[in-house]
Amino acid sequence: MKPKRFLPFFFIGFFFWILTPSLLAQDEITYTGQVTAGDSGEPLIGVNILILRTGSGTQTDFDGNYELVAQPGDSIQISYIGYDPILYQLGVETQLDFSMESGNQMLEEIIVVGYGTQKQKDLTSSITTVSSEEIMKTPTGQAMQSLQGKVAGMQIVSSGAPGSAPQVRVRGIGSYPGGNNEAPLYVVDGMFFDNIDFLNTSDIATISVLKDASAAAIYGVRAANGVVLIETKSGRQDQPAQITYNGYYGVQVANNVMKMANSQQFTQIISELDPDRFPDYQFILNAMQRYGRSRVDPNIPDVNTDWYSKIIRPAPIQNHSINVTGGGSSATYALGANFFGQDGILDMKNEYQRFNLRSKVDYQALDWLNLGGNMILSNGTKYSPENTAWFRAYLAVPILPVLDEQIPNAFPDPYASAQYLGYRGGQNPFPAMEYNDNKEKIRKLLANFYVEVDLIPDKLSFKTTYNHNFTALDLRNVDLPYFSSPGFQNPDAGIRRTWSTFSNQIWDNILTFKDQYGAHGLTIMGGASYRDEAYSQLGASARNFPTDREEAWYIDQAETIVVDAVGDGGSHQYGMSYFGRLSYNFDHKYLLYGTFRADGSSKYQQKWGYFPTVGAGWVLSQEDFFDVAGIDYLKLRGSWGELGNDNIQASDGARTTQVVNTVFGGQMVPGTQTSNVFSSLRWEVVEELNFGLTANLMDSRMTVDADYYTRDTKNAAIRVGIPLIGGTVLRNVGVIRNAGFELALNWTDKISDDWNYQIGGNISTLKNEVRDLFGQPYIDGGSAEFRQRSIVGQPVLAFFGREVTGVYQNQSEIEADPIAKDNNLEPGDLKFKDQNGDGVMDGEDRVILGSYFPDLMYGFNLGMSFRSFNLSANFIGQSGNSILNRKRGEYIFTNDTNLDADLAVNRWHGEGTSDKYPSANGLRKGWNQSLSDYYIEDGSFFRIQNVTLSYTVPGTTLLGGNFPETTLTLTADRPVTIFDYNGFNPEVADGIDRQTYPIPSVYTVGLNVKF
């Protein structure tokens, strides 16, 4: 049995082995009583009573009565919508009545903010928090994937490749894309990360997204793209040890598999080509001669390969976690182990495995002294896919089989080559899949230790925290030899090894004062932080090593070391920061909030940056004049602040001298020209203004959060032309704006004692706009063939080309159009709009064709519970974004390939047959290959994101022991996606789809057991 197949059984066996003693527990007794409303004395129906030790419980009946089986010493939580919760420790008395006071539990909820916490009702910022329950519904190894569609203003672009993190953007982008300068800052228990791909989702307690400047500016130069705070799970005081197993096993299935032209369609298209210009029909004849003719249609070869169906497979996914949590009067603990395994749907060695160990301990050593630590060890192995396979499967002609036994001297396997039919390339994707091995070992360690001293009890405290994140990467890329045809082979075995280490240390020291003076609440925090970031890398390449055994795949086993490919490098940066926060409220009615951070860094010439912010809130619902039926709570809030982005590259440049010749007095005179070109960069600064409201309506059954924001990157790093010398250099002189509106609504209610339901949704708009390019009319991006352009008033890197108005249907149309006549066009060629009306089609007729930023994103969810059954469904969608179908664009470079079925069926092949796509001949003509909206497609989509059905068997007494609470879960993740784009899926991070890994549907069966 392979190790990865054995691990789940080891986990489950170990789990039940350690739990056997728990079946022999102390006796339980039955508690009864009534729960009433404190203001009226009326019985409360459907009150939840939860045993914290087991997670099981009961509800009150129509008369407010309950019956609960528990152990003396158990702590219970009593909760009900619109009332303050009650925590109570059971004793020997079995008749217990409770009176609940009306309140608003959600407003009292503690929200994690930068370097501290705040009550929900005191917030002036835009913060969205997602609970562990919601996170765990998504079967994924990437925690951020579980937030897709659940946070207004956050765009998450999925990745189907095992172990690959999704692309995350908060409120658009304010920098020119590249170098990971779009991603938010991740803070895990106080430690900074560029991504959280190592975290186990079941270890996470909450994820909070700090979206506006008021919330995020406390993190200074890292916060311009938003901040994601992750709190891992902890134990609770006075909680007996609780052991939990949580796991699932499932299968991933490719959906919306792209349809390609079959052999019959492909042959028909080739038969329409002009034989004087294109010899492709001879390739069809060669295929019939080599592989025979079809018995169904003798005019086509007896081969009809659907390449995508050949390279795609169903793939397993699994996750198994064991956690032990608990605590006494002075200490809490959480210990856990996790295994995650995922195979890719690309049929090659393409998988990801990760084993995590975690411990978190908090200890109150003295009344005034608290200390603790948190460690996460992650050990992962990833076999990356050969993504060129997706591209080659699109290009490969259907008249080519996977294997060809007629190939002489083929090895190791007789994979077919299209070159034997006359094509320029081999096309077959299988050699790239079969003879590549891309293995990466990923080791990560997060260590976090703190000491907190209460200098003045309940008022003044000092906390010092040391965080260390260490990552070691060992990457091995192996290309094994093969031969299919003289131009489709790899004669030499090649290996590339790269070793990288990352060390990030942060030492925080924070002093916090908190007090209440009558109706005046005041919190003042000040701190200092030192950070040290080091990176090193060593790489080498070699050729010709023993390939029969993987044990010999090392550099020192090779015959030839490629000296020019040996590289050694690294970097070391450090910084010092000082920061402070003031939070004031008067009777929780008038709120004031401000932060300031000074960041010093060795990265740029400008050593220090200063980032202030201020926020204010007004709780109208607490005013005497406010008496609006149905509105329980209404708060208006606003904030302004500045944030920094140090993800742009450090300053660079050079002094260059070149020999030049000029003429003086009729004689050639040699000389030199010296130039100095330095970028002199500093961090980008984002200024943001945010207005919002928070409301609870209809006895707090409905919650509303709405925000409008503008974010201006005032000194974006852009390319600026160098006068006289030529070329470009980066300068902090651009301005980019992101603006939008966000709305989140949630409704929670119950129909009866047994029926509860919940409905929620969010919607967000985004307008990305270039505001200033330092006087330049535009900045080009992309490539010459597929141009993207940034123009003032338009989105960053918008697609830029010609606008298609139709297809020339007949010769009369050609004769009537001077542009068509001047360019020797034919029926079946695309018709472009003459934007300036000058009768000439040139570069001046190009316009903005679309942007990869969605104008609108939305998500909504439905949930209901009936007794022990729970059903939830999540839906997401977006619109307004465009995708460059780069796969079709390959015809510019290699036109002897296959076509997708939509293009094959809907091509122009006679008058009136198409006004959208060119003819077979037209596809190979430069006129039609100019970037136009023929290549640009709508990226809008709607998806059923997740459907989860669960059934819970409450913990009970059985045969003298405790039977654990057990939950069985069935999940369908991304089962249906509806879109018009001609590709596997419309989620493309940069809007350019050339070889995007498909995103599969995932179906799982899960089990959760609590002892």
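Residues numbered from 1 in each chain as written. Predicted model: local features only at pLDDT ≥ 70, side-chain atom pairs only at ≥ 80, totals over all residues. Heavy atoms only, no water.

Bringing the sheet that holds strand 7 (residues 98-100) into the picture now. Taken in spatial order, the three strands make up an open sheet running 4-1-7, and their pairing is mixed. The open sheet is flanked by strand 4 (65-70) and strand 7, the only strands paired with a single partner. Between one strand axis and the next, the sheet turns by 35 degrees as a mean value, whatever way the strands run. Where strand 1 (residues 29-37) lies against strand 4, six bridges are found, and the strand directions are antiparallel. Bridge pairing links Thr-32 to Glu-67 in strand 4. (Pairing = 2+ DSSP bridges. Helix = DSSP H or I, 4+ residues; strand = E, 2+ residues; numbered from the N terminus. Axes fitted to C-alpha atoms, helices over the stretch in contact; angles between N-to-C directions.)

For residues with low pLDDT, the predicted coordinates do not support detailed interpretation. The share of residues in the chain with pLDDT of 70 or more is 92%, and the mean pLDDT across the chain is 89. In this model residues 12-26 is a low-confidence stretch, pLDDT under 50, and it forms 21 contacts with partners more than four residues away in sequence or in other chains. (pLDDT = per-residue confidence, 0-100. Contact = heavy atoms within 4.5 Å.)

The next subject is the domain arrangement of the chain. By domain assignment, the chain separates into domain 1 (27-102), domain 2 (107-233), domain 3 (263-303) and domain 4 (649-682). On a C-alpha basis, the centres of domain 2 and domain 3 stand 54 Å from each other. (Domains from an automatic or database assignment.)

Right, let's get into the packing of aromatic side chains. Two numbers describe a pair of aromatic rings. These are the distance of the centres and the angle of the planes. The tally for this structure, following the rule as stated, stands at 31 aromatic pairs. Ring centres 5.7 Å apart and planes at 75 degrees place the aromatic pair Phe-192 and Tyr-219 in the edge-to-face group. In this pair, Phe-192 is assigned in strand 14 (residues 191-193) and Tyr-219 in the loop between helix 4 (213-216) and strand 16 (227-232), connecting sequence segments 27 residues apart. On the basis of relative accessibility, which here comes to 4%, the residue Tyr-219 falls in the buried class. A ring pair is formed by Tyr-415 and Phe-430, whose centres lie 5.8 Å apart and whose planes are at 15 degrees; its orientation type is stacked. Here the residue Tyr-415 occupies a position in the loop between helix 8 (388-395) and helix 9 (430-434), and Phe-430 occupies one in helix 9, the gap between them amounting to 15 residues. You'll find Tyr-415 and Phe-430 in the same group, each marked buried. Through a chain of ring-to-ring contacts, the aromatic side chains of Trp-307, Tyr-415, Phe-430, Tyr-435, Tyr-482 and Phe-488 assemble into a single cluster. Across the ring face of Tyr-450, the terminal group of Lys-463 is positioned such that the distance to the ring centre comes to 4.7 Å. The ring of Tyr-394 is capped by Lys-887, whose NZ or CZ atom sits 5.7 Å from the centre of that ring. (Phe/Tyr/Trp six-rings, centres within 6.5 Å; stacked < 30°, edge-to-face > 60°. Buried < 20%, exposed > 50% of the residue type's maximum accessible area, 1.4 Å probe, protein only. Lys NZ or Arg CZ within 6 Å of the ring centre and 35° of its normal.)

On to the nonpolar core. Among the nonpolar cores identified, the biggest contains 84 residues, and Tyr-308, Ile-311 and Trp-390 are the most heavily contacted of them. With six residues, the single largest contributor to this core is helix 8. Discounting chain neighbours no more than four positions away, the residues touching Ile-311 are Ile-345, Leu-346, Asp-347, Ala-389, Trp-390, Ala-393, Pro-429, Phe-430 and Met-433. Leu-123, Leu-185, Tyr-186 and Ile-207 belong to the second largest nonpolar core, which has 48 residues in total. (Core = buried A, V, L, I, M, F, W, Y, C linked by side-chain atoms within 4.5 Å.)

To continue, consider the side chain of Asn-645. Structurally, Asn-645 can be placed in strand 31 (residues 631-645). Asn-645 sits in the buried class, given a relative accessible area of 2%. In terms of polar contacts, Asn-645 uses its side chain to reach the side chain of Ser-175, at 2.9 Å. Once you skip the residues sitting within four places of it in the chain, Asn-645 turns out to touch Ser-175, Asn-181, Val-221, Ala-224, Asn-225, Tyr-604, Trp-683 and Glu-684. (Polar contact = N/O pair within 3.5 Å; in protein donor to acceptor, adjacent residues only side chain to side chain.)

Examined bridge by bridge, strand 22 (residues 436-456) and strand 23 (residues 460-479) share 20 bridges and lie antiparallel to one another. The residue bridging Glu-440 from the neighbouring strand is Leu-475, located in strand 23. If you look at the hairpin formed by strand 22 and strand 23, you'll find three residues sitting between the two strands, and Asp-458 has a positive phi there, around 65 degrees. Where strand 23 meets strand 26 (residues 494-517), 20 bridges bridge the pair, whose relative direction is antiparallel. Looking at the pairing, Phe-462 lines up with Leu-511 of strand 26.

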